[in-house]
2 protein chains.
Amino acid sequence: MSEVPPATPSPQPTAPTLAVIGGGQLARMLAQPAIALGLPLRLLAEAPGVSAAQVVVDHTVGDYRDLATLRAVTHGCAVVTFDHEHVPTEHLRALEADGVACRPGPDALVHAQDKAVMRARLSAMGIPCPRHAVVATPDDVARFAAEGDGFPVVLKTTRGGYDGKGVWVVGSAGEASEAFAAADAAGVEVLAEEKVAFTRELSALVARSPSGQAAAYPVVQTTQLDGICHEVIAPAPDLDPQLAHEAQQIALRVAAELGVTGILAVELFETVDPTTGAGRVLVNELAMRPHNTGHWSQDGAVTSQFENHLRAVLDLPLGDPRPRERWTVMVNILGGEAEVGSLYAGYPHAFARDPRLRVHLYGKDVRPGRKVGHVNAYGDDLDEVLDRARHAAAWFRGDLGEDSE
Amino acid sequence: MSEVPPATPSPQPTAPTLAVIGGGQLARMLAQPAIALGLPLRLLAEAPGVSAAQVVVDHTVGDYRDLATLRAVTHGCAVVTFDHEHVPTEHLRALEADGVACRPGPDALVHAQDKAVMRARLSAMGIPCPRHAVVATPDDVARFAAEGDGFPVVLKTTRGGYDGKGVWVVGSAGEASEAFAAADAAGVEVLAEEKVAFTRELSALVARSPSGQAAAYPVVQTTQLDGICHEVIAPAPDLDPQLAHEAQQIALRVAAELGVTGILAVELFETVDPTTGAGRVLVNELAMRPHNTGHWSQDGAVTSQFENHLRAVLDLPLGDPRPRERWTVMVNILGGEAEVGSLYAGYPHAFARDPRLRVHLYGKDVRPGRKVGHVNAYGDDLDEVLDRARHAAAWFRGDLGEDSE
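The rules behind the values
Residues numbered from 1 in each chain as written. Chains lettered and ligands numbered in written order. Predicted model: local features only at pLDDT ≥ 70, side-chain atom pairs only at ≥ 80, totals over all residues. Heavy atoms only, no water. Core = buried A, V, L, I, M, F, W, Y, C linked by side-chain atoms within 4.5 Å. Buried < 20%, exposed > 50% of the residue type's maximum accessible area, 1.4 Å probe, protein only. Contact = heavy atoms within 4.5 Å. Domains from an automatic or database assignment. Buried area = accessible area lost by both parts, 1.4 Å probe. Salt bridge = Lys/Arg side-chain N within 4 Å of Asp/Glu carboxyl O. Polar contact = N/O pair within 3.5 Å; in protein donor to acceptor, adjacent residues only side chain to side chain. Helix = DSSP H or I, 4+ residues; strand = E, 2+ residues; numbered from the N terminus. Nonpolar A, V, L, I, M, F, W, Y, C, P; charged D, E, K, R; others polar. Expected span 1.5 Å × (residues − 1). Pairing = 2+ DSSP bridges. Axes fitted to C-alpha atoms, helices over the stretch in contact; angles between N-to-C directions. Least-squares fit on C-alpha atoms with pLDDT ≥ 70 in both. Right-handed = clockwise from strand over helix to strand, strands pointing away. Phe/Tyr/Trp six-rings, centres within 6.5 Å; stacked < 30°, edge-to-face > 60°. Lys NZ or Arg CZ within 6 Å of the ring centre and 35° of its normal.

Q: Could you clarify how one ought to interpret the nonpolar core in this entry?
A: Where a protein is soluble and globular, its nonpolar side chains tend to be buried together. Membership of the largest hydrophobic core comes to 105 residues, with the highest contact counts inside it found for A:Tyr347, A:Val359, A:Val375, B:Tyr347, B:Val359 and B:Val375. Apart from the residues lying within four places of it in its own chain, the contact partners of A:Val375 are A:Val329, A:Met330, A:Val331, A:Ile333, A:Leu357, A:Arg358, A:Val359, A:Ala389, A:Ala392, A:Ala393 and A:Phe396.

Q: Would you mind showing me how to read the domain arrangement of chain A here?
A: Buried accessible area, meaning the area lost when the parts come together, often serves as the stated size of an interface. Residue and element names in this part refer to chain A. Considered domain by domain, chain A is made up of domain 1 (18–102), domain 2 (131–194) and domain 3 (200–397). Put simply, the middle of domain 1 and the middle of domain 3, counted by C-alpha atoms, are 23 Å apart. With 21 residues of domain 1 in contact, the opposing surface of domain 3 contributes 20 residues. Summed over both sides, the interface of domain 1 with domain 3 buries roughly 1,700 Å², with 66% coming from carbon and sulfur. Among the salt bridges present, the one from arginine 289 reaches glutamate 85, with a minimum N-O distance of 3.4 Å. On the surface where domain 1 and domain 3 come into contact, there are 8 residue pairs in polar contact (both at pLDDT 80 or more). Mapped onto the side of domain 1 that touches domain 3, the elements with two or more residues apiece are helix 1 (25–37) and strand 4 (79–82). For the side of domain 1 that touches domain 3, the residue count by class is 12 nonpolar, 6 polar and 3 charged.

Q: Would you mind going over helix 12 (residues 382–397) of chain A with me for this structure?
A: Since the α-helix packs 3.6 residues into each turn, any two residues three or four apart lie on the same face. Residue and element names in this part refer to chain A. If you check helix 12, its first and last C-alpha atoms are 22 Å apart, about what 16 residues at 1.5 Å a residue would give, namely 22 Å. Those residues of helix 12 lying buried are Leu382, Val385, Leu386, Arg388, Ala389, His391, Ala392, Ala393, Ala394, Trp395 and Phe396. On its buried face, helix 12 is in contact with strand 13 (228–234), strand 16 (327–334), helix 11 (347–353), strand 17 (358–361) and strand 18 (371–379). Just downstream of helix 12 lies glycine 398, where phi reads positive at about 95°.

Q: Help me understand the sheet that holds strand 3 (residues 59–61) of chain B, please; the structure alone is not making it clear to me.
A: The strands making up a sheet associate through backbone hydrogen bonding, with each pair oriented either parallel or antiparallel. Residue and element names in this part refer to chain B. Strand order in the open sheet formed by 5 strands is 3-2-1-4-5, and the pairing between neighbours is parallel. With one partner strand each, in any of the chains shown, strand 3 and strand 5 (101–102) form the two edges of the open sheet. Where strand 4 (residues 79–82) meets strand 5, 2 bridges bridge the pair, whose relative direction is parallel. Of the residues in strand 5, the one forming a bridge with valine 79 is alanine 101. Its contacts with the sheet place helix 1 (residues 25–37) against strand 1 (18–21) and strand 2 (41–45), and it is angled at close to 170° to strand 2.

Q: Any chance you could explain the relation of the copies chain B and chain A here in plain terms?
A: Two copies of the chain are present, and they differ by a rotation about an axis and a shift along that axis. Once chain B is rotated about the relating axis by 180° and shifted along it by 0.0 Å, it coincides with chain A to within an RMSD of 0.0 Å. The superposition of one copy onto the other is thereby described by a two-fold rotation axis. Minimal C-alpha distance to the rotation axis in chain B is attained by B:Val57, lying at 2.2 Å. Both copies contact each other with a shared surface, as 100% of the interface residues of chain B are interface residues in chain A too.

Q: So what exactly am I meant to see when it comes to unusual backbone geometry here?
A: Glycine aside, negative phi is the norm for most residues, and most peptide bonds take the trans geometry. Between A:Ala234 and A:Pro235 the backbone carries a cis peptide bond, its omega angle lying at -10°. Summarising the element assignment, A:Pro235 is placed in the loop between strand 13 and helix 8 (241–258). Of note, the amide linkage connecting B:Phe151 to B:Pro152 takes the cis form, showing an omega dihedral of 0°. Relative to the assigned elements, B:Pro152 resides in the loop between helix 6 (138–147) and strand 7 (153–157). Of note, B:Asp315 is a non-glycine position whose phi angle comes to about 55°, a positive value. Relative to the helices and strands, B:Asp315 is located in the loop between helix 10 (305–313) and strand 16 (327–334).

Q: I tried to follow the pairing of strand 2 of chain B on my own but got confused; where do I start?
A: In the case of a regular strand, side chains alternate between the two sheet surfaces. All names here are of chain B. The element strand 2 is extensively covered by neighbouring structure, given that 5 of its 5 residues are classed as buried. Residue alternation in strand 2 divides its side chains into two sets, Leu41, Leu43 and Ala45 and Arg42 and Leu44, and both sets are buried. Note that strand 1 and strand 2 share 4 bridges and pair parallel. From the neighbouring strand, valine 20 faces strand 2, where its bridge partner is leucine 43. Note on the crossover from strand 1 through helix 1 to strand 2: the handedness is right-handed. Here strand 2 pairs with strand 3 via 3 bridges, running parallel. Paired with leucine 43 across the strands is histidine 59, a residue of strand 3.

Q: Looking at this structure, how should I read the packing of aromatic side chains?
A: Each aromatic ring pair is summarised here by two numbers: the centre-to-centre distance and the angle between the ring planes. Per the counting criterion, the structure on display carries 10 aromatic pairs over all chains. For the ring pair B:Tyr217 and B:Trp296, a centre distance of 6.2 Å and an interplane angle of 90° mean the geometry is edge-to-face. Linking B:Tyr217 in the loop between strand 11 (214–216) and strand 12 (220–225) with B:Trp296 in the loop between strand 15 (279–287) and helix 9 (297–300), this pair joins segments that are 79 residues apart in sequence. The class of B:Trp296 is buried, set by a relative accessible area of 2%. Aromatic side chains B:Tyr347 and B:Phe396 sit 5.7 Å apart centroid to centroid with 80° between the ring planes, which places their arrangement in the edge-to-face category. One end of the pair, B:Tyr347, is in helix 11 (residues 347–353); the other, B:Phe396, is in helix 12 (residues 382–397), with 49 residues separating them in the sequence. Here the aromatic cluster, defined as three or more aromatic residues joined through ring pairs, consists of A:Tyr344, A:Tyr347, A:Phe351 and A:Phe396. Over the ring of B:Tyr378 we find A:Arg324, and its NZ or CZ is 4.1 Å from the ring centre.

Here's what the structure looks like:
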């Protein structure tokens, strides 16, 4: 029978307290393996009641752009990690000077914060990337297009974009004004990139510890809608084993050479080499934290990306990243346009229809286009698994009527 | 990329808040699927910093024997559930009169609180139990022994025992005085039971919802040490399918006829019928909450007992209880006799030796014999899985030297 806890206070065990900056769903999902592993977390949340603040007892509300706040939250913590990549580099350096290990550290993280820095570094490493150039004027954009296959060209602010924000596809130099205006307003630059004619998008996730141990998850196929991750299939169906190996090696090499600690996600374009006709991968983006393209691992891998992020940043030996199932599919639940009420109201149908469905909700208000949860499904038959996951996500989004099957 | 949470407060979603009474490891482990499902918990903890109080934001410290405290904690909650079975029946009835649904309710829970009530009810249902009688004097014990196979006889206080406490095996009526003294001191009775010559112990877990939906986990083999659950193998190796079916049917029938909501664990003796020579099962104990013999399901079943407990008490459709793996083994981590220091110090070796190991620590101080965590291992080869789980648990307990492999 259950032991009745003692009537006297029980002090925390001597596991180190891990500071986490940012109260979004990634921090929320870190809390689950932290409970299992007995790891105390201390959270800096942006506002009361945000996703992770609902589930981490030791949390403070404050601004991650304020160094004094960061110092107060990380006081007494040996290690700090992040829900997002927006903490200013100078603050990270100050924390490291205080003796708090930032994982990932500022020298690595800048490559996930600044796309121009990332492109320069990866190109210097000989890692295949789309053709790119930092541009300062519409004339630069026209020149960049002329040097390649012409328009359309992709423009990105070098810093601050996410989920499709800060990205423009322009058909002429004249259309570039919005990107330059946004960059000017934010005090950042504009990066021009060729618009890659990809066959599909892939993602290669690795965990890496300060000691240099690394674990590579299987390469997955991702589908974006409006610049937002929509669906992930693990592993990527029909992927050439050579290309899968190459993608994993890119991720492992980037993690090692940039000194990444924790999870690194490398988003890739799969495309066809125009000269040889062979398949190849180009790096699209880097993220240095648990990533939407790794959520499948919560139910489909031996060790989830969230547990391995914790283990990596604490320099504990990493868990096995291999899949437990032939196929695992993740589909995001985005807030719908319609007033859908509580996501909770979706449970009776979703659970009754599919007793094997795995649901992850983030405790966030539903707003159109906002990521409010995801579902995972796994099994041997990819079509069946896709159908189950897609149906459930559409149901929670409110896209299906009561009569839908 | 991760969405930056909004700068304005985000109210909780409209999922119902579930009250949980008791701050032990079972409540702690309920918190993990509650995070995934977006279910807010409100906890009554026995003391600051107990296992579940470390991980449930909305918690109060107070005495579960005090009705005013129970009323304050459950105020505004439609449903209350329990980490242990010690809340007084009259308080449960008062909460129900207030409109709070107790799951399980007092009429069911009394069968897990009072062994005499349980034995009477199961016997009336025709469910096979050890021979038993309520005894008031050593003479009664002598008479009970004489009516059966003589001594030894098992004596149990009818209420309040757990983990081997409140249980005595006596070789004569004269040895019964300790049991009667303990029962007198606690104001409870003594139940005498035949000492069953079991071949092994089994456990049948089911989840049942107020609507009457039920899900049966595979029957597992359990090994006790000093009255405390030590090791669980799921499913029970070489169990006669007929007997497995019978055990599941007993659990389903008990859950339905007693009106259990949430998880019901039926601990069973597997024994041999002395007249027919056929295998049979006898009910040993009932528990109405997630149970130590179901911890394997966290990593070995499609839906863990903790998630299904939440779904059951909220009357949501239940998740698939089937195993994901051929074999899953759970071994408890008990506090050792030696000063072992922090359990955290066990991670480097345990994780490096076995990257597939699943560890669950409870955030509790290590004390001799105290349950402070458990490990799960799974795979196709039972001997290998047993070895992995036993080694890891022994390592965390501090039973292995540094040279051990």
